Every structure is written in structure tokens, then in C-alpha cells.
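# Structural overview for review
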Amino acid sequence: MNTSQQHGPETSVMLGLVKRVLPHHRGSVLPGFRLAMGFTLLYLALVILFPLSTLFWKSATLGPAGFWQAVSAPRVVASYKLTFGASLAAAAINGVFGLVVTWVLVRYRFPGRRLMDALVDFPFALPTAVAGITLTTLYAPNGWLGAPLERLGIKVAFTPLGITLALTFIGLPFVVRTLQPVLESLDPEVEEAAFSLGASRLQTVVRVVMPALVPAWITGFALAFARALGEYGSVVFIAGNMPMKTEITPLLIITKLEQYDYAGATAIAAVTLLASFVLLLSINRLQSWSARLGSAE
Amino acid sequence: MSTRATREPAALRLTLTATALLFLGLFLVLPLVAVFAQALEKGWAAYAEALREPMALSALRLTLLTAAIAVPLNLLFGLAAAWAIAKFDFPGKNALVTLIDLPFGVSPVISGMVFILLFGRQGLLGPWAEAHGLKLVFSVPGLVLATLFVTFPFVARELIPLMQSAGTEEEEAARVLGASGFQIFRRVTLPNIKWGLLYGVILCNARAMGEFGAVSVVSGHIRGKTNTLPLHVEILYNEYNFQAAFAVASLLAFLALVTLLAKSAVEWRAAAERASEAEASRVD
């Protein structure tokens, strides 16, 4: 943003003067660094880092063999597979439909568009427990959607399919809100140029528009996936929670805690945490990659 | 020609729009309608009854109390962190920004669990807390701590990019002209970030009032004592008292709608202000 354009001439002169008086000492004349930084670090340490560090302290009490046993028991591995698979499926569904939704919201005009656009954030704003009981009621065998599906022989509630649906609900805004600003910022002149050079609309979309969207698309997919891996509230009601069948990893952690198996719960939590950190680090890389791509254009 | 260049054929446009609307209708509109339909299933009297019940009222009070503590603290932190990160250069800045985002990568269940590991009976500080007569988990302080943890990044994460893009020149000019630190913040910085600040507070509040997983772990589910609204919904639902569960849930759904409305209003105001500023600079 060019700040000097938003002010009158006097301010511009003033800003120019400041720049000349204070070359390269960015922020050094501003007060409050020590206070702001001190409070930031203290608060971060007290509220986040110190509590999180107990995770490592507690898993260390298990020893390597105990740790391995806790994180590789058949019931635990079954929960990883379910959580990972359902999260991946939900992120893929959102990848496809999120792209369609974003395209339609950005490119087309129809009545109710702004309402739909605002509603995309609904899963962010709705408490997960409310989402959980609502989806369960909708897809239960006697529910609005569950009953007709049941007649077709499709069971949703209390099956992995229900878990996937809940995770799809939770993940939708991540894909749409990551793609939307990128698609909005694309210059239509590029598409017109491609068209005037003889490309068909399909070729233009596939060769010109999509490559610009891909980094944001993958980022949105990964964000939805990462969120789904740790999700609890929206899933726990619809899942049925049968060990080995429909028990997700976050629920297993709670079950272990309720049985006072703190070390076991911690070990599983450490694995979950590691998986989401690896994901988030890759997302950070992706975002800087897409930022570079954006600035190169 | 330009429409043919940037638009799909009408039939495809219609198909895509119908697909998107069907998907949004199925996944967003239908659940929204279902919450209120289920809440009113037995009529308005039963609905009001479920909300007037003493347990529901005490859950509402606790939810408001938790948010009233967590939101201002995280607002203060967000302002301090954004000021330090956006207005000054120091080594390790990127690492600090990553650390601030950390709670977003932690499952709500784990966010609650760490406080049990810390203050529970077998916890790191459990014996110390017990010796001092402090009950920090399965109690209100535990709920507040877990809520602080999960809502930690919301304000900071809105403010940091906003204050970074505003730069430091205006604040430096104010400093050179003799303004005090507080004056600089109130007169120069705050007007630039007020909409982002409000937006961050709205998101932080929505999450603070609606958090379920983390508070579920630390609450101990003591009725009338450590029950927030989302936990009360769970209890009612698990007792097969569906209508009452949805009545309380409808309050939270209403809060979500208010959040969306406020968010849209903030975005609209910010866009209008940007447009009028651009207009003003053209007149100059």
C-alpha cells in the first residue's frame, strides 16, 4: 500500500522529511518495544508454551518402549486410519465443491449471492457441538436426510460416512476463503488475451486460470485436512464411537484421560500434534511459494 | 467478445451455479434451518421453558463470564504482539509469528488436556495447586485457561498483517512531531486498524463462547457449576432431551448468525472507508 497517496501534500512532505532524517532505522524512534515485546513473550510462554511443554514431560515418563506400545496398539492404529482417511476424503470433497462454490461466488451474479457468500463462514462461527447434534439429527435413520437415504440402503449416522460429512461441513470455509481472494485478484485481461490469441474457453481456464489458483487450492485443501485431523465436537455425536470401527483419535485421547491413563493419552496426543505441525509447516511453505508466484506475475 | 472470452457457455454456467447452490444448501442452509426447527418442535412455550431452566441460565452466565475474561486478555496480547512485530525489526520474528499461530494446529482435545497434565492431581503443578488450595481443573479457572489457549491467536493474527501493511512512517512522523506513545497509538495506529481489530474481537468472542472440545476435557461436567452453553447442549442431548438441547443450541446458532452479520458489516464498512479515502486522494 502506498501511504503517501492517501494524504494531503503537507503530510507527503512530512513523510519525505522523516524518511531522510531517519534512514534505515525502521521503527527505532517508536516507543513501547520493550513493553510490547516483554508482554508478548511472557503471555505466550504462560498461556501456550508452558502448558504445551507438559506434553513432552509426560510422554517422556513412558520411556521409548512404553511410548511405542501406547501409540501402536491396534485400537489406536485403527483410530489413526479412520481419522486420517475421513479427513482426507472430506478435504477432497471440499477441494472439488469448494472450487465450484468459489468460482460461482466470484464470477457469476445471481440473487442471494451475497447471502451465500456470508454463509460460507457459518461452520467457522457455529459451535462444533451444535454442528454435531444438528448433523446427527439430520442424518439419523429417522432424520430429514437420513430416512430417504436409509430407504436407498445408505447409512450415514454412526458410520465413517457420517464422520466424513461432519468433517466436510467443518472444512468448507478453509477452501473457499483461501481460493476466493486469489480468484478475485486475477486480471480478466489475461483471459481476454488468451482468448484473442485463439485459445478456447476450456483451454484458457485449464492453462491460464488454474495454474494461478493451484497454490491457494492446495493450501485450502491442506488447511481443511489439518483442521479435520484434530476435530472433535462436530464428529463425536455422529460417529457412534465404536472402538476399532468409528472411534476417532481425539475421542480416544479423551477416553484414555477419563480412565486416568494420562501417559497413554499424552503419547497419542504427541503423535497427533506432530502430524498437524508437519502439515502446518508445509502449509507455511506453500503460502510463501504462492506469494512469490503472485508477486512474480 | 469480452464476455465470450471470460465467461463459460450458459448451460455450463447454470450447471455450476446449481451445483454450488445445492452443495451450500445441503451443507449450510439445511443444518441452519434444522437447528431452529428442532428447537421449536414442541412450540414456543417449550422453547422458552428450556431456556428459562436454572441449569441453562447458569450455563449462559458461565459462557458470558469465560468470554468476558478471555477476549480482553487476548485483545491486549494481540495489540502488544502486533505492535512489536509490525513496527520493529528483531531477529526471530518469523519464528514468533509461527508460535502465535501454534494453537490453530493443536486439536481442541489436546488444548484442554495440557491443563489437566499441568494442574490435575497427577499433574506437574498438581501437588503445588493442592497445597495452596487451588482447584484449577474441573473448575471455572480451568475453563478460562482452556478458552484462553484456543482463542489465543485470533486478534493477533488479524492485526499483524494489517499493521505491517500500514508501515511505520505515519507513527514516526507523529513521534517527530512530539506525540507520546499513547497518543501515537490512539490517534495514528488505531484509526488504521479499527475494523481489523473489531473483526478479530468478533471471531475471538465467537470461538470463546462456542468452544467445546477443550472445555469439555477440563470441565469435569459438573452441572450448574462448570457447564458452559455448548457443554449443556451435550448433556441435554445425551439425556435424549433433544428439544431442550436444540433450544439451547439455537442460542449458539443465533450467536453464530450475529457473528456472520457483524463480520459482513465490518468488511462492508472497511471497504466503504477505503473507497472514500481513494476518492479523497483523487480530489487532492
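These figures come from a predicted structure and were not determined experimentally.

Rules and cut-offs
Residues numbered from 1 in each chain as written. Chains lettered and ligands numbered in written order. Predicted model: local features only at pLDDT ≥ 70, side-chain atom pairs only at ≥ 80, totals over all residues. Helix = DSSP H or I, 4+ residues; strand = E, 2+ residues; numbered from the N terminus. Rg over C-alpha atoms; globule rule 2.2 N^0.38 Å. Buried ≥ 20, exposed ≤ 12 C-beta atoms within 10 Å, placed from the backbone. Contact = placed C-beta atoms within 7 Å. Domains from an automatic or database assignment. Nonpolar A, V, L, I, M, F, W, Y, C, P; charged D, E, K, R; others polar. Core = buried A, V, L, I, M, F, W, Y, C linked by C-beta atoms within 7 Å. Axes fitted to C-alpha atoms, helices over the stretch in contact; angles between N-to-C directions. Parallel < 35°, antiparallel > 145°, perpendicular 65-115°, else oblique. pLDDT = per-residue confidence, 0-100. Left-handed = near helix turned anticlockwise from the far one by under 90°.

Take the overall build of chain B next. Along the backbone of chain B there are 14 helices and 0 strands. Element order for chain B, N to C, with α for helix and β for strand: α-α-α-α-α-α-α-α-α-α-α-α-α-α. Taking 2.2 N^0.38 as the reference for a compact globule, 284 residues should give roughly 19 Å; the C-alpha atoms of chain B span a radius of gyration of 24 Å, well beyond that estimate. Each of the three principal axes of chain B carries a C-alpha extent, and together these read 65 × 65 × 30 Å. A buried classification covers 47% of the 284 residues belonging to chain B.

A few words on the overall build of chain A. Across its full length, chain A holds 14 helices and 0 strands. In sequence order, the secondary structure elements of chain A are arranged as α-α-α-α-α-α-α-α-α-α-α-α-α-α. By residue count, 42% of the 297 residues in chain A fall in the buried class. Taking the intrachain contacts of chain A between residues at least 6 apart in sequence as the baseline, contacts between residues at least 24 apart amount to 76%.

A word on the domain arrangement of chain B. Residue and element names in this part refer to chain B. Once the domains are mapped, chain B shows domain 1 (1–39) and domain 2 (43–283). Between the C-alpha centres of domain 1 and domain 2 the distance comes to 32 Å. The partner domain 2 presents 8 residues to the 5 residues of domain 1 that form the contact. Partitioning the side of domain 1 that touches domain 2 into residue classes produces 4 nonpolar, 1 polar and no charged.

So, about the interface of chain A and chain B. In this complex, chain A contributes 82 residues to the contact, which on the side of chain B involves 81 residues. For the side of chain A that touches chain B, the element with the highest residue contribution is helix H2 (residues 33–60) of chain A, accounting for 15 residues.

Before going further, it helps to examine the nonpolar core. In terms of nonpolar packing, the biggest core is built from 159 residues, with Met113, Val248 and Ala249 of chain B touching the most fellow members. Considering every element that reaches this core, the biggest residue donor is helix H4 (residues 54–87) of chain B, with 15 residues. If near-sequence neighbours (up to four positions away) are discounted, Ala249 of chain B is found in contact with Val130 and Ile133 of chain A together with Val35, Ala39 and Val233 of chain B.

Looking now at the packing of helix H5 (residues 93–101) of chain B against helix H9 (residues 153–166) of chain B. Residue and element names in this part refer to chain B. One way to put it is that H5 packs onto H9 with a least axis distance of 9 Å and a crossing angle of 140 degrees. The orientation of H5 relative to H9 falls into the category oblique. On H9, the residues touching Val97, Ile100 and Asp101 of H5 are Pro153, Ala156, Arg157 and Ile160. For the contact of H5 with H9, a count of residues per class yields 5 nonpolar, no polar and 2 charged.

Before going further, it helps to spend a moment on the confidence of the model for chain B. Looking at chain B as a whole, the pLDDT averages 90, with 96% of positions reaching at least 70. The ipTM, which scores confidence in the relative placement of chains, is 0.90 for this predicted complex, and the corresponding pTM is 0.89.

Residue and element names in this part refer to chain A. Positive phi, close to 65 degrees, is recorded for Phe158, a residue that is not glycine. Mapped onto the secondary structure, Phe158 falls in the loop between helix H8 (146–151) and helix H9 (160–185). When the 20 C-beta atoms within 10 Å are taken as the criterion, Phe158 is described as buried. The residue Tyr260 is not glycine, and still its phi comes out positive at about 60 degrees.

On to the environment of Pro141 of chain B, then. All names here are of chain B. By the element assignment, Pro141 lies in helix H8 (residues 140–151). The class for Pro141 is partly exposed, based on 16 C-beta atoms found within 10 Å. Spatially, the C-alpha atoms of Pro141 and Val218 are 9.5 Å apart, while their sequence positions differ by 77 residues.

Residues and elements named next belong to chain A. The contact between helix H4 (residues 74–107) and H9 brings their axes to 6 Å, and the two run at 40 degrees. Considering the angle they form, H4 stands oblique to H9. The interaxial crossing formed by H4 with H9 has right-handed handedness. Considered class by class, the residues forming the contact of H4 with H9 number 19 nonpolar, 9 polar and 1 charged.

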